[in-house]
Amino acid sequence: MRLFFVLANIFLFGTAFWLLENALVPFIVAWVLAYLLAPVVDGISRYMWREAAILICFIVVTVVFVAIMFGVIPRLQHQISSFLKNLPQYMKEIDLLTSHLFQRLNIHMNAQQIGVHLQKALNDFGSRLMTAPGAWVSTAAQMVEAIVYVVLIPVIAFYLLRDWHGLAAGIESFLYVSGRRKVE
């Protein structure tokens with residue numbers, strides 16, 4: 001009977017998370033961000049107000065993220081376009097190697113057919129990677145959603161970080177009693 005209740009609860013919580021997925025995303029991302037930044041904020045807050053330490057961490061994370069995005073995405077797009085341009089030559093070499101391998105192993109398969117499917121899959125994957133950075137702002141609704149996330153996630157993370165120790169104590173109080181460690 002207990003197994004039934006556990007499975008029913010898992011099903012209900014899974015359904016709730018699935019239905020509320022879009023509403024929960026900023027909270028989950030903010031929680032992860034707060035979890036990762038909490039030790040840094042604790043260290044910096046020894047020397048200044050906690051709110052100032054949080055803002056400094058956010059500024060540093062934002063600058064690093066923007067620098068990575070502007071440095072990595074153009075290079076990644078260049079690498080992908082170069083790969084796609086050279087893909088036919090790569091596929092010829094793979095076809096040659098696989099045909100020799102199949103002959104040596106006495107396997108009767110058409111290596112060119114495999115190469116054609118692999119080339120198509122790689123072309124599709126590469127073209128999706130090329131369009132991915134701009135695809136999330138392709139519609140007005142997605143653009144508004146992205147702006148809301150960019151504004152909402154830091155605000156939620158700020159308040160989570162500000163009250164981090166109280167939240168951690170509250171979560172610990174929900175642990176079931178026999179699992180808690182006794183501090184004497």
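In this text, all values refer to a predicted model and were calculated from it rather than measured experimentally.

### Examining the packing of aromatic side chains
Thought 1: With the rule as written, the count across this model stands at 5 aromatic pairs.
Thought 2: For the ring pair Tyr35 and Trp164, a centre distance of 6.4 Å and an interplane angle of 55 degrees mean the geometry is tilted. In this pair, Tyr35 sits in helix α2 (residues 21–44) while Trp164 sits in helix α6 (residues 164–174), placing the two residues 129 residues apart along the sequence.
Thought 3: For Tyr35, a relative accessible area of 56% gives the class exposed.

### Remarks on the pattern of salt bridges
Thought 1: The full count for this structure, using the stated rule, is 2 salt bridges.
Thought 2: Of the charged contacts, one joins Asp42 and Arg50 as a salt bridge, the two residues approaching to 2.7 Å between their closest N and O atoms.
Thought 3: Taking relative accessible area as the criterion, Asp42 reaches 22% and is therefore assigned partly exposed.
Thought 4: Looking at Arg50, the relative accessible area reads 15%, which means it is buried.
Thought 5: One salt bridge connects Arg162 with Asp163, and the closest N-O pair in it is separated by 3.6 Å.

Thresholds applied
Residues numbered from 1 in each chain as written. Predicted model: local features only at pLDDT ≥ 70, side-chain atom pairs only at ≥ 80, totals over all residues. Heavy atoms only, no water. Phe/Tyr/Trp six-rings, centres within 6.5 Å; stacked < 30°, edge-to-face > 60°. Helix = DSSP H or I, 4+ residues; strand = E, 2+ residues; numbered from the N terminus. Buried < 20%, exposed > 50% of the residue type's maximum accessible area, 1.4 Å probe, protein only. Salt bridge = Lys/Arg side-chain N within 4 Å of Asp/Glu carboxyl O.

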